[in-house]
Each structure stands twice: as C-alpha cells, then as structure tokens.
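Coordinate analysis (summary)
If you want the building blocks of each chain, they are given just below.
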Amino acid sequence: MLGEFVPRDVAATLAERGRGLSQRLVDFSPDTVKASYNRRPFLVSHHLDQHPAFRLSSLFSLCRRLPPSEVKYRVGVIPDTADFDSSYARFSKGLSLDDVLDRFEQSKAYICIYNPERDPAYRPILEGILSEVAAAINECDPVITWYSTYVFISTQDSVTPYHMDREMNFLLQVRGTKRVALWDPADDEVMSPADKDRLLSMFGSKRATYSPAFESKAMTYELRPGIGVHHPFIAPHRVTTGPELSVSLAFTFRTQKSDKLTSAHAFNHLLRRCGWLPAEVGHSPLADGIKVVASKAAQMPISLLQKAWRARRMAT
Ligand SMILES: [Fe+2]
C-alpha cells in the first residue's frame, strides 16, 4: 500500500509535537475545524507557496531522483469524464518522464509525484504538516493511523476527473489556481449506501461513477497560492486547473475513526455479496462496532480464499 502507517506511539505524540512547532505551514481555525471537519469542505490558509521545496525547479529535481514508479504523468487535454484509474496509462502517449519534464508546458502535461515523504529532503517538511494536522483535529478525531502525500504539477486547463478517495485530504494550492468541485458523500443520490460499501470493500473495490444530474449539487471552491480545501472522508471531487501552471500538495490521511468506518462498510459489502440487505453504516454505533469486529474476523479466511484462488488460477 502507498503511504506510511503511523505507529501508535508516534500517533500519541503527534498533536503535542504539532502544537510545539515554532513555525507552522498551515493555519487551521479551531472553530472551523470543530464545526466542519469531516462534515463538509472548508478552506484553510497555508505558507507552502513561500517554501523553496515547492518551487518548480525543486520539484522537477525531485521527479528526476525518485524511482520512476513514483512519478505518474499524462499529456494533452483529457475529457473531464475520463475514467480516473486508467487515465495515466491511456493518456501518456509513450513519452518518457524526461521528455515530459523538458517540454512540460508545450506537452500540456500533468504530473503526480507519489509519496514525496519518502525523499529525505521532503520527509521532515511533510512530517511537520502531519503533526500540524494531528494537532488541528485532535479534539474530534485524535488518532492518525496512516498518511500519504502527492504533489500535482499541471499545465493550464488540466482536469482530474470525478472520483472519490478512501481517506481524508487537505489539498493545498502552491502555485496557479484550481477549481475544486466537491460533493457530499452523505447524499444518497451521489453515493448510495451500496456505492460506499463497494468503494471500501476488501475485494472488488470500485468507485461510484459520475452523473450529469450531480452537477447542480457540486460545492465549488476556488484555490490560489496559500489557500487549500479540506476533503471530508470519501467525498467525491473533480479538480480543474486555471489558465496557468499549477502546483498543489494533497495531504491525505486516515484515522482510527475512518478505519473503523472502512471496516464496517467492507463488512456490509460482504453481506450484500451474500444476498443480505444490511443496515447502513453510520446509523447505529452498536451495529457498526459489531461489523468492525466481524470484518476483522472475516479478513483472515478471505485472504486465505484469495490466495487459494490465485494459486488455482496459476495452476490452470
Ligand atoms: Fe482525489
């Protein structure tokens, strides 16, 4: 899995470390976090646009020293309804990373740097943001269990198609502008209970798809350098860059609470596959708690079944 798991003993000290930082990169409003975190999107201000590590030249150097598998790219104009998961493979036009970096603007390129926190120069910066996030959400969601970061570099008018991720996010704009459309995952028309269970399932995980009928329900945020937006857990989104080169950092993370929700949804999906119609996750803490325990108990036989199925496929 991409990203970094946060050991329990480290998680326990993160918030304190974040509160003790002499220089902060993100300005969280405690009242806004308390009122809106994981309920609805909200804007934050930050200072990454003034940090030398996020200049284009520093980021291109990072691209050249990271393993090729950590730097994904697309070129040309892609439709905003393109399938998100296959878009890198379908729209790279056989160009190498060096080709893309050397002619970045001419090729209308889009680069995603996976996990810059694995680079020794970027790790302390991103661990600092991790502790700032932990301090900001400590009252409402105290245990961060995993995080993963991505830097997006795109030329004008590029689109990240409609999709949803399996975690929370702070998307921080460093250069240029972005329009971020977010949708409420609690809206059954946008994501049905079965859609959410399938997205978070242990196997056969699949994202719910876009419909033009959702357009009027979009919550739209305009990002510029120094401004970011919070994506609540599994909130669908679509991102469009403005008419200039854009750089942004996605700081994605999971917590003990979102892990429990994930397990409950995963167990619901299992029940649906067996023909049951389970109660929605989020309606009963007791039922959700039982599903979390059952999901963990089911993981072992499922992984054994998956191994046996794969071995059988290889043998035939
Ligand atoms: Fe995303």
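Rules behind the numbers
- Residues numbered from 1 in each chain as written.
- Predicted model: local features only at pLDDT ≥ 70, side-chain atom pairs only at ≥ 80, totals over all residues.
- Heavy atoms only, no water.
- Helix = DSSP H or I, 4+ residues; strand = E, 2+ residues; numbered from the N terminus.
- Buried < 20%, exposed > 50% of the residue type's maximum accessible area, 1.4 Å probe, protein only.
- Contact = heavy atoms within 4.5 Å.
- Areas by Shrake-Rupley, 256 points an atom, 1.4 Å probe, with all protein chains shown as cover.
- Core = buried A, V, L, I, M, F, W, Y, C linked by side-chain atoms within 4.5 Å.
- Donors = N, O, S within 2.8 Å, 3.2 Å for Na, K, Ca; no water.
- Phe/Tyr/Trp six-rings, centres within 6.5 Å; stacked < 30°, edge-to-face > 60°.
- Lys NZ or Arg CZ within 6 Å of the ring centre and 35° of its normal.
- Arc of directions from axis to C-beta.
- Pairing = 2+ DSSP bridges.

Looking up the protein chain in an unreviewed UniProt entry gives the name Cupin-like domain-containing protein, with the organism given as Variovorax rhizosphaerae.

Here we come to the overall build of the protein chain. Tallying secondary structure elements over the protein chain gives nine helices and 13 strands in all. Expressed as a percentage of its 316 residues, the buried residues of the protein chain come to 51%. Sequence separation of 24 or more characterises 84% of the internal contacts of the protein chain that already satisfy a separation of 6 or more. Accessible surface for the protein chain amounts to roughly 15,500 Å². Of this, 55% is attributable to carbon and sulfur atoms.

Moving on, we get to the nonpolar core. Grouped together as the largest cluster of nonpolar side chains are 64 residues, with contacts concentrated most on Ile111, Ile153 and Phe253. A per-element tally of this core places helix 6 (residues 123-137) first, with eight residues. Counting residues in each nonpolar core, the second largest holds 15 residues, with Phe152, Leu182, Val229 and Ala250 among its members.

Around the iron ion, the donor atoms from the protein are His163 (NE2), Asp165 (OD) and His237 (NE2), and they sit 2.1 to 2.2 Å away. Here the donor residues of the iron ion are spaced in sequence according to H-x1-D-x71-H. We note that His163, like Asp165, is buried.

With that settled, the discussion passes to unusual backbone geometry. Unusually for a residue other than glycine, Asn38 sits at a positive phi of about 60°. Mapped onto the secondary structure, Asn38 falls in the loop between helix 2 (30-36) and strand 3 (43-46). By relative accessible area, Asn38 is classed as partly exposed at 28%. Of note, the phi angle at Lys108 is positive, near 50°, even though the residue is not glycine. Within the element layout of this structure, Lys108 appears in the loop between helix 5 (97-102) and strand 5 (110-114). Take Lys108: its relative accessible area is 33%, and that puts it in the partly exposed class.

Under the criterion given, the structure shown has 14 aromatic pairs. An angle of 45° between the planes, with centres 6.3 Å apart, marks the rings of Phe251 and Phe253 as tilted. We classify Phe251 as buried; its relative accessible area is 0%. Phe253 sits in the buried class, given a relative accessible area of 0%. A network of ring pairs unites the aromatic residues Phe28, Phe42, Tyr147, Phe170, Phe251 and Phe253 as a single cluster. Residue placement shows Lys72 over the ring face of Tyr114; its charged tip is 5.6 Å from the ring centre. Positioned over the ring face of Tyr110 is Arg74, at 4.1 Å from the centre of the ring.

Bringing helix 3 (residues 56-65) into the picture now. An α-helix turns once every 3.6 residues. As a result, residues three or four positions apart point the same way. Looking at helix 3, one finds that the buried residues are Leu56, Leu59, Phe60, Leu62 and Cys63. Along the long axis of helix 3, the arc covered by the buried residues comes to 155°, so they all point the same way. Buried residues in helix 3 make contact with strand 4 (71-74), helix 5, strand 5, strand 6 (144-154), strand 8 (168-175) and strand 13 (246-255).

With four of its five residues buried, strand 9 (residues 178-182) lies for the most part within the structure. Pairing between strand 9 and strand 10 (residues 219-223): five bridges, direction antiparallel. Bridging from a neighbouring strand, Lys178 pairs with Leu223 of strand 10. In this structure, strand 9 lies alongside strand 12 (residues 237-241), joined through five bridges in antiparallel fashion. For Arg179, the partnering residue across the bridge sits in strand 12 and is Thr240.

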